[in-house]
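Report on the structure
Each chain is listed here by its residues.
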Amino acid sequence: MQWIISANEAKQLISQGVTILDTRNKLAWLISHIPGAVHVTWQQFSNNQKPYRGKLLADAKILEQKLRHVGIFNSKPVIVIGNPPDNFGEEGRIVWMLRTLGHQSAALVDGGYNALVKAGVPTTRGLNQPLEIGDFVVNRTALWEIQRDELQVNLSENKLAVIDTRQKREYAGETPYGEQRGGHIPGAVHFYFKDLMDTKGNLLKPEEIIAKLETLGIQRDTPTVTYCTGGIRSAFFVAVLVNLGFSNVKNYAGSMWEWSASSDKKYPLE
């Protein structure tokens, strides 16, 4: 299963019975959602201590418990829905998390909730019936994630391309989300995650995205790391790149919250 599927593919899977996670805000979910869709936030599965809020919980047992509680089974596909024009790529974060924790078939829907409605998927409102508790077992892989110190060593050896997926103003030094220092990781190129999509939140054609990356010197086999403030926008970016067949791409989940809180001598910013 690809990391990103079309609304029509999702519609077919939904009719066969899958786990559906909805990352839109709670009010939007209450007003209207796909029947059976469970509301989730990225924060539920992440460290709540500053400056490590971007990092996934370290305890596999706690993660298993939380994921089973929202209906995640090892053998059942998971579809994740967002609101791409107006959010931070939360659906990409959840898919990246599930894949990193060993789930084989988790995907986000291109165009999000609006695309599903347009494709004729039925909706409902209000609270769901009680959920079936899942059986998910964490089997974590390092394929799509990188830790701060590994990134720092690779940077000093000039071994990878780094993409800053935040807004241009953040890349240039603004700190709107409580980062302790401003700027960007040395050598990082800027590619705002919303520039992967059109104004309606649908992804651009693969060849358009690939052309944008090539102008930054990034090919399908370039070792690449993405980051943002807390690994949310950058996780969405990883989902898109993996889906396009990029073979070596990792999300730095600690991102600017963690990096900017660390020693400026060892973890500099430009």
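Right above here is the structure, for reference.
Residues numbered from 1 in each chain as written. Predicted model: local features only at pLDDT ≥ 70, side-chain atom pairs only at ≥ 80, totals over all residues. Heavy atoms only, no water.

**Quick look at the overall build of the protein**
Heads up, the condition is: Under the scheme used here, helices are H or I runs from DSSP no shorter than 4 residues and strands are E runs no shorter than 2 residues, and both carry numbers assigned from the N terminus. Within these notes, the globule rule equals 2.2 Å times the number of residues to the 0.38 power, and the radius of gyration is based on C-alpha atoms. A simple rule labels every residue: compare its accessible area, found with a 1.4 Å probe on the protein chains alone, to the largest value its type can have, and call it buried under 20%, exposed over 50%, or partly exposed in between.
Counting its regular elements, the protein contains 10 helices and 9 strands. Here the C-alpha radius of gyration of the protein, 18 Å, is about what a compact globule of 270 residues would show, namely 18 Å. C-alpha extents for the protein along the principal axes are approximately 55 × 40 × 30 Å. A buried classification covers 54% of the 270 residues belonging to the protein.

**Some words on the side chain of Thr23**
Under the convention used in this document: By definition, residues are in contact when any of their heavy atoms lie within 4.5 Å.
Tracing the backbone through its elements, the reader meets Thr23 in the loop between strand E2 (19-22) and helix H2 (26-31). A relative accessible area of 8% places Thr23 in the buried class. Apart from the residues within four sequence positions on either side, Thr23 is in contact with Val40, Val80, Ile81, Gly82, Asn87, Glu90, Glu91 and Ile94.

**What to know about the pairing of strand E4 (residues 78-81)**
Our working rule: Seen with its strands pointing away from the viewer, a crossover is right-handed if its path from the first strand over the helix to the second goes clockwise.
Side chains of E4 alternate between two faces, with Val78 and Val80 and Ile79 and Ile81 buried alike. In the classification by handedness, the crossover that spans E4, the intervening helix H4 (residues 90-100) and the parallel strand E5 (residues 106-109) is right-handed.

**A look at the packing of H4 against helix H9 (residues 233-243)**
Let me state the cut-off plainly: Axis geometry follows a simple rule: fit a line to the C-alpha atoms, using only the stretch in contact for helices, then measure angles between N-to-C directions, giving values from 0 to 180 degrees. Orientation labels follow simple angle bins: below 35 degrees gives roughly parallel, above 145 gives roughly antiparallel, 65 to 115 gives roughly perpendicular, and whatever is left gives oblique. Should the near helix be turned counterclockwise from the far one by less than a right angle, the crossing is left-handed, whereas a clockwise turn marks it as right-handed. Classification used: nonpolar for Ala, Val, Leu, Ile, Met, Phe, Trp, Tyr, Cys and Pro, charged for Asp, Glu, Lys and Arg, polar for all others including Gly.
The geometry of H4 relative to H9 is characterised by a closest axis approach of 7 Å and an angle of 65° between their N-to-C directions. The angle between the axes of H4 and H9 places the two elements in the roughly perpendicular class. Classified by chirality, the crossing of H9 by H4 is left-handed. Across the interface between the two elements, Glu91, Gly92, Arg93 and Trp96 of H4 pack against Ala235, Phe236 and Val238 of H9. Considered class by class, the residues forming the contact of H4 with H9 number 4 nonpolar, 1 polar and 2 charged.

**Comments concerning the pattern of salt bridges**
For clarity, the threshold we go by: Whenever Lys or Arg places a side-chain nitrogen within 4 Å of a carboxyl oxygen from Asp or Glu, that contact is recorded as a salt bridge.
The tally for this structure, following the rule as stated, stands at 10 salt bridges. Glu145 is the salt-bridge partner of Arg140, the closest N and O atoms lying 2.8 Å from each other. The shortest N-O distance in the salt bridge between Arg166 and Asp164 comes to 2.7 Å. Residue class for Arg166 comes out buried when judged on its relative accessible area of 0%. Taken together, the shared-partner salt bridges in this structure form one network comprising Lys61, Glu64 and Arg68.

**Concerning the packing of aromatic side chains**
For clarity, the cut-off: In this analysis, rings of Phe, Tyr and Trp, with Trp reduced to its six-membered ring, are considered paired at centre separations within 6.5 Å, and the interplanar angle assigns stacked below 30 degrees, edge-to-face beyond 60, and tilted for intermediate values. Working rule: Lys NZ or Arg CZ, within 6 Å of ring centre, within 35 degrees of ring normal, means a charge sits over the ring.
Counted under the stated rule, the structure contains 8 aromatic pairs. Consider the rings of Phe88 and Tyr177, whose centres lie 5.9 Å apart with planes at 85°: the pair is edge-to-face. With Phe88 in the loop between E4 and H4 and Tyr177 in the loop between helix H7 (168-171) and strand E7 (189-190), this residue pair connects regions lying 89 residues apart in the sequence. According to the relative accessible area criterion, Tyr177 is partly exposed, its value standing at 29%. A centroid spacing of 6.2 Å and a plane angle of 75° characterise the contact between Tyr252 and Trp259, whose relative ring orientation is edge-to-face. One aromatic cluster is present, formed by Tyr192, Phe193 and Phe236 through successive ring pairs. Its guanidinium or amino end placed over the ring of Tyr113, Arg24 lies 3.7 Å from that ring's centre, counting from NZ or CZ. For the cation-ring pair, Arg53 lies above Trp257, with the distance from its terminal atom to the ring centre recorded as 4.0 Å.

**Structural notes on unusual backbone geometry**
Omega for the bond connecting Lys50 with Pro51 falls within 30 degrees of zero, at 0°, which places this linkage in the cis form. Its place among the elements puts Pro51 in the loop between strand E3 (38-39) and helix H3 (60-69). In the Ramachandran plot, Asn158 falls in the positive-phi region, its phi being about 55° despite a non-glycine side chain. If you trace the backbone, Asn158 turns up in the loop between helix H6 (148-156) and strand E6 (161-164). Overall, Asn158 belongs to the exposed group, its relative accessible area being 69%.

**Description of the sheet that holds E7**
As a general point, the strands of a sheet are linked pairwise by backbone hydrogen bonds and lie either parallel or antiparallel. Rule in force here: Two strands form a pair only when DSSP identifies at least two bridges running between them.
Pairing is parallel in the open sheet, where 4 strands are placed in the order E7-E6-E8-E9. Unpaired on one side and paired on the other, E7 and strand E9 (249-251) mark the two borders of the sheet.

**As for the pairing of strand E8 (residues 224-227)**
Taking every second residue as pointing to the same face, both faces of E8 are buried, with Thr224 and Thr226 on one and Val225 and Tyr227 on the other. In this structure, E6 lies alongside E8, joined through 4 bridges in parallel fashion. Bridging from a neighbouring strand, Asp164 pairs with Tyr227 of E8. Where E8 meets E9, 3 bridges bridge the pair, whose relative direction is parallel. Across the sheet, the residue bridging to Val225 is Lys250, located in E9.

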